[in-house]
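# Analysis of the macromolecular model
The lines below spell out each chain.
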Amino acid sequence: MARPERIAVLGGGSWGTTFAKVLADAGNDVVLWVRRAEVAAEINESRYNSGYLPGVELPERLRATDDAAEALQAAEIVVLAVPSQSLRENLAGWQPLLPEDATLVSLSKGVELSTLKRMSQVIAEVADVPMGRVAVVSGPNLAKEIAAEQPTATVVACPDEPRAVALQQACSTSYFRPYTNTDLVGIEIAGACKNVIALACGMAVGLGFGHNTMSSLITRGLAETTRLGVALGADPMSFAGLAGLGDLVATCMSPLSRNRTFGERLGRGETLAQAQDAAHGQVSEGVKSCSSIRELAARHGVEMPITDVVYGVCHEGLQPGPAAAELLGRERKPE
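Here goes a summary of the coordinates provided. (Residues numbered from 1 in each chain as written. Predicted model: local features only at pLDDT ≥ 70, side-chain atom pairs only at ≥ 80, totals over all residues. Heavy atoms only, no water.)

### Brief notes about the environment of Gln121
Following the sequence through the fold, Gln121 ends up in helix 5 (residues 119–127). With relative accessibility at 27%, the residue Gln121 sits in the partly exposed group. Once the C-alpha coordinates of Gln121 and Met131 are considered, the two residues, ten residues apart in sequence, prove to be 7.5 Å apart. (Helix = DSSP H or I, 4+ residues; strand = E, 2+ residues; numbered from the N terminus. Buried < 20%, exposed > 50% of the residue type's maximum accessible area, 1.4 Å probe, protein only.)

Encoded structure:
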């Protein structure tokens with residue numbers, strides 16, 4: 001049995017809280033940082049985070065605080081569970097508190113709008129650490145199902161293989177099986193792009209299309225994601241794995257996926273503002289990331305037609321019906 005780690009998880013949303021539960025169930029001492037004192041008190045006193053994981057009892061080895069310094073004290077692993085577009089700002093505030101030599105783990109999936117950097121690059125830059133100290137967790141990991149301890153697998157990616165193995169040991173449970181990988185580029189590009197493809201799949205469902213359409217979007221979405229990843233230096237095999245195809249299928253097919261359900265509202269004719277209101281004021285990650293992914297693809301000369309039409313619907317007023325026609329009307333060519 002591996003020695004228990006002291007782990008800080010910064011961000012008490014549904015995935016941050018769920019991953020903190022996984023880490024505690026694996027036998028580690030986990031401190032979850034949340035923004036509001038009343039949320040920390042609820043977790044510590046009742047063992048529930050009712051705002052994000054209603055009905056899920058949290059383990060005793062997990063405690064919460066709204067004090068980042070307290071959460072980070074002596075942490076050997078620091079998990080960053082905040083949205084991708086706010087990661088830089090949050091981490092800049094935490095940087096002076098980061099313990100020396102801690103492994104910094106990203107749960108965020110996206111490409112930064114202002115810089116076109118992946119989350120691991122943002123972390124290394126802001127925290128002023130070598131890339132070997134940065135890891136990523138990504139896979140078919142819908143928070144609600146994992147919180148209910150339904151079996152799943154994931155990828156723990158880090159250029160420093162011993163750190164990847166240590167993190168793998170720290171989050172292995174009877175229901176959560178992590179595999180290691182050293183391809184940060186591939187794992188992160190897959191995680192960012194799948195949100196955009198899930199928006200497209202949601203739009204297809206909203207338009208009344210069936211499984212053939214969904215399967216086609218998933219397959220061609222995987223192809224364009226792989227093209228971008230390879231252009232950036234990724235291992236193409238990463239896209240056939242859990243963080244590639246696995247995460248893509250889960251996010252595109254499940255009604256638990258925020259990107260899929262957001263896209264479905266757009267496909268039914270709702271405006272971006274209406275879909276946002278229905279999502280309690282939250283804009284899906286793919287709505288933001290499609291801009292930076294599209295720009296990154298253009299910079300590297302990579303064709304991403306699904307991403308282009310999702311961007312058109314979200315940011316240029318293109319209607320989902322004509323967007324589908326635009327995809328089908330593209331030049332015919334070999335697969």
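### Quick look at the sheet that holds strand 1 (residues 6–10)
Remark on secondary structure: sheet strands pair via backbone hydrogen bonds, oriented parallel or antiparallel. The eight strands are arranged 3-2-1-4-5-6-7-8 in an open sheet whose pairing can be described as mixed. Looking at which strands have only one partner, the edges of the open sheet turn out to be strand 3 (62–65) and strand 8 (176–181). Averaged over all adjacent pairs, the angle separating strand axes in this sheet is 25°, with direction ignored. The pairing of strand 1 with strand 4 (residues 77–80) spans four bridges and is parallel. Within strand 4, the position partnered with Ala8 by the bridge is Val78. (Pairing = 2+ DSSP bridges. Axes fitted to C-alpha atoms, helices over the stretch in contact; angles between N-to-C directions.)

### Focus: the pairing of strand 1
Residues in a regular strand point their side chains to alternate faces of the sheet. With five of five residues buried, strand 1 lies mostly within the body of the structure. Neither face of strand 1 is open: one carries Arg6, Ala8 and Leu10, the other Ile7 and Val9, and all of them are buried. The parallel pair strand 1 and strand 2 (residues 29–33) is bridged by helix 1 (residues 14–25), and the resulting crossover is right-handed. (Right-handed = clockwise from strand over helix to strand, strands pointing away.)

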